[in-house]
Amino acid sequence: MENAIMHTKDLRKHFGDVAALNGLDLVVPPHVVYGLLGPNGAGKSTTLKILSTLTRPSGGQAVVGGFDVARDPGEVRKVIGLAGQDATLDDKLTARENLRIFGRLSRLGARGARRRADELLERFSLDHAGNRLVGTYSGGMRRRLDLIASLLRAPKVLFLDEPTTGLDVRSRMEIWDTVRELVAEGATVLLTTQYLEEVDQLASTVGVIDHGQLIAEGSPAQLKSRIGSHIDVVVESSDHLASAVSVLESLTGRRPEVDGSRITVAAVDAVPSLPQIVRELDASGAAIRDVGIRQPSLDDVFLSLTGKTVDSEKSLEVQEAVA
Ligand SMILES: Nc1ncnc2c1ncn2[C@@H]1O[C@H](COP(=O)(O)OP(=O)(O)O)[C@@H](O)[C@H]1O
Ligand SMILES: [Mg+2]
């Protein structure tokens, strides 16, 4: 815990009868991207709101940069930046004007705010559009500007709530590059996302939350290895099922599932190679139509942990709103 840049202990948040957070224990080391994953309503946004002092916890503790969010919210605010889903940019002002206003609100002073706005626009390649009204920006540019606005005070800790939801692939990758750069410079980023590829690409650690609790944690590779690889075999006819099943069972140490002429088994501890599977099936005399091994994706991990797929309805909604 001494090394953590932030942690929560038995964190709770109730909205009337709804327990949004139900004893969340989170430990985030410094200088990493920590990805918070979970189905809709799991408590991700609530966690970010509490850590960024926008909402007070109902119970438990949350500490950011050494300061308790309930006792020292002012100190916490000095070290954090937040890019939320509801951008607060003013469409009728230019990007530069927006940033200057935010800078002054962040107490950078008029000159400091102007200098920092110019610096950030240039650094994150929005200089050319700095004097355009934000109302004319594309969804990707807006989101980038929102991120820049959260960087005005060079935060040590940055909270990003679904920073790329609804963005096209190119804009998404631009945001990823920005996040990587910030972390390389020493920032710590806690982000939520609906895109599992995003945490696969960015996060060194993933925390999966469901019903307001942490249910799994690890690097993307560690989480995937817990699921194991899926081996799929299709036999020529049912006559060959029994021998193929017994080969797969002895190779993986697990009981395969049979559906018609298809046999499926998850290999977790012992993962045989494809040539090895083919050789053994051959030797058993089983006639095979198809063999395949599928590496698990984070989607598989998510599904197996939460019983749900990542919500895609919402991302479509946002996409329309952004378009
Ligand atoms: N201001 C609020 N008032 C009432 N209920 C809320 C409020 N904010 C969140 N909730 C509820 O808390 C739970 C967690 O919400 P949230 O943290 O937004 O989840 P996520 O970001 O993981 O989708 C949900 O059941 C949600 O409906
Ligand atoms: Mg949310």
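Throughout this description, residue numbers start from 1 for each chain and increase along the sequence as written. The order in which chains are written sets their letters, starting at A; the order in which ligands are written sets their numbers, starting at 1. Since the coordinates come from a predicted model, pLDDT governs what is reported: local features require at least 70, and pairs of side-chain atoms require 80 or more to be given and counted, while whole-chain, interface and lining totals use all residues. The side-chain quantities take in all heavy atoms of the structure and omit both hydrogens and water.

## A look at the overall build of the chain
Right, on to step 1. Looking only at helices and strands, one finds 12 helices and 14 strands in the chain.
Right, on to step 2. Residue burial in the chain is summarised as follows: out of 323 residues, 47% are buried.
Right, on to step 3. A sequence separation of at least 24 residues applies to 65% of the contacts in the chain between residues at least 6 apart.
Right, on to step 4. As displayed, the chain offers around 15,900 Å² of accessible surface, 47% of which is attributable to carbon and sulfur atoms.
Right, on to step 5. Each charge class in the chain was averaged separately, 38 positive and 44 negative side chains, and the resulting centres sit 10 Å apart. Under the DSSP-based scheme used, a helix requires at least four consecutive residues in state H or I and a strand at least two consecutive residues in state E, with every element numbered from the N terminus. Exposure classes here rest on a 1.4 Å probe applied to the protein chains alone. A residue is buried below 20% of its type maximum, exposed above 50%, and partly exposed in between. Note on contacts: a residue pair qualifies if any of its non-hydrogen atoms lie within 4.5 Å across the two residues. Calculation of accessible area relied on Shrake-Rupley with a 1.4 Å probe; when residues are assessed, cover is drawn exclusively from the protein chains displayed. Under the counting rule used here, the positive set is Lys and Arg, the negative set is Asp and Glu, and His together with the chain ends is not counted. A single reference atom marks each charge: NZ on Lys, CZ on Arg, CG on Asp, CD on Glu.

## Some thoughts on the sheet that holds strand 13 (residues 262–267)
Right, on to step 1. Two strands are said to pair when DSSP picks up at least two bridges between them. Read from one edge to the other, the open sheet built from 4 strands follows the order 12-13-11-14, with strand pairing classed as antiparallel. Strands at the two margins of the open sheet, each flanked by one partner only, are strand 12 (257–259) and strand 14 (288–294). On average, adjacent strands in this sheet sit at an angle of 15° to one another, irrespective of strand direction.
Right, on to step 2. Of the strand pairs in this sheet, strand 11 (residues 229–235) and strand 14 are connected by 6 bridges, and their pairing is antiparallel. By the bridge assignment for strand 14, Val235 is matched with Ile288. Lines fitted to the C-alpha atoms define the axes, with helices restricted to the stretch that makes contact. Angles between their N-to-C directions range from 0 to 180 degrees.

## Notes on the packing of helix 3 (residues 95–105) against helix 4 (residues 110–123)
Right, on to step 1. For the pair helix 3 and helix 4, interaxial distance at closest approach is 8 Å and the crossing angle is 135°. It follows from the interaxial angle that helix 3 and helix 4 lie oblique. Handedness of the helix 3/helix 4 crossing: right-handed. Facing helix 3, whose interface residues are Ala95, Arg96, Leu99, Arg100, Gly103 and Arg104, helix 4 presents Ala110, Ala113, Arg114, Ala117, Asp118 and Leu121.
Right, on to step 2. Residue classes in the contact of helix 3 with helix 4 are distributed as 6 nonpolar, 1 polar and 5 charged. Just so you know how the angles are binned, under 35 degrees is roughly parallel, over 145 roughly antiparallel, 65 to 115 roughly perpendicular, and the rest oblique. By definition, turning the near helix anticlockwise from the far helix through less than a right angle yields a left-handed crossing, and turning it clockwise yields a right-handed one. Residues were grouped as follows: Ala, Val, Leu, Ile, Met, Phe, Trp, Tyr, Cys and Pro as nonpolar; Asp, Glu, Lys and Arg as charged; and all remaining residues, including Gly, as polar.

## A look at the confidence of the model for the chain
Right, on to step 1. Looking at the chain as a whole, the pLDDT averages 90, with 94% of positions reaching at least 70.
Right, on to step 2. pLDDT measures the predictor's confidence residue by residue and takes values from 0 up to 100. Within the model, pLDDT remains below 50 along residues 312–323, and this stretch shows 14 contacts once partners closer than five positions in the same chain are excluded.

## Here we look at the side chain of Asp210
Right, on to step 1. If you trace the backbone, Asp210 turns up in strand 9 (residues 205–210).
Right, on to step 2. With residues up to four places along the chain from it excluded, the contact list for Asp210 reads Pro39, Ala42, Ile215, Thr306 and Lys308.

## Observations regarding the site of ligand 1
Right, on to step 1. If even one non-hydrogen atom of a residue comes within 4 Å of a molecule or strand, that residue is called near it. Ligand 1 sits among Phe15, Val18, Ala20, Pro39, Asn40, Gly41, Ala42, Gly43, Lys44, Ser45 and Thr46.
Right, on to step 2. Take Ala42: an N or O atom from its main chain is 3.1 Å from an oxygen atom of ligand 1.
Right, on to step 3. Pairs of N or O atoms are called polar contacts if they sit within 3.5 Å, as long as, within protein, a hydrogen donor faces a hydrogen acceptor (for residues adjacent in sequence, only side-chain-to-side-chain pairs). At 2.9 Å from an oxygen atom of ligand 1 is found a main-chain nitrogen or oxygen belonging to Gly43.
Right, on to step 4. At the level of secondary structure, the elements contributing two or more residues to the shell around ligand 1 comprise strand 2 (18–28) and helix 1 (44–51).
Right, on to step 5. Here the element with the most residues in the shell around ligand 1 is helix 1; it accounts for 3 residues.
Right, on to step 6. Classifying every residue of the shell around ligand 1 gives 5 nonpolar, 5 polar and 1 charged.

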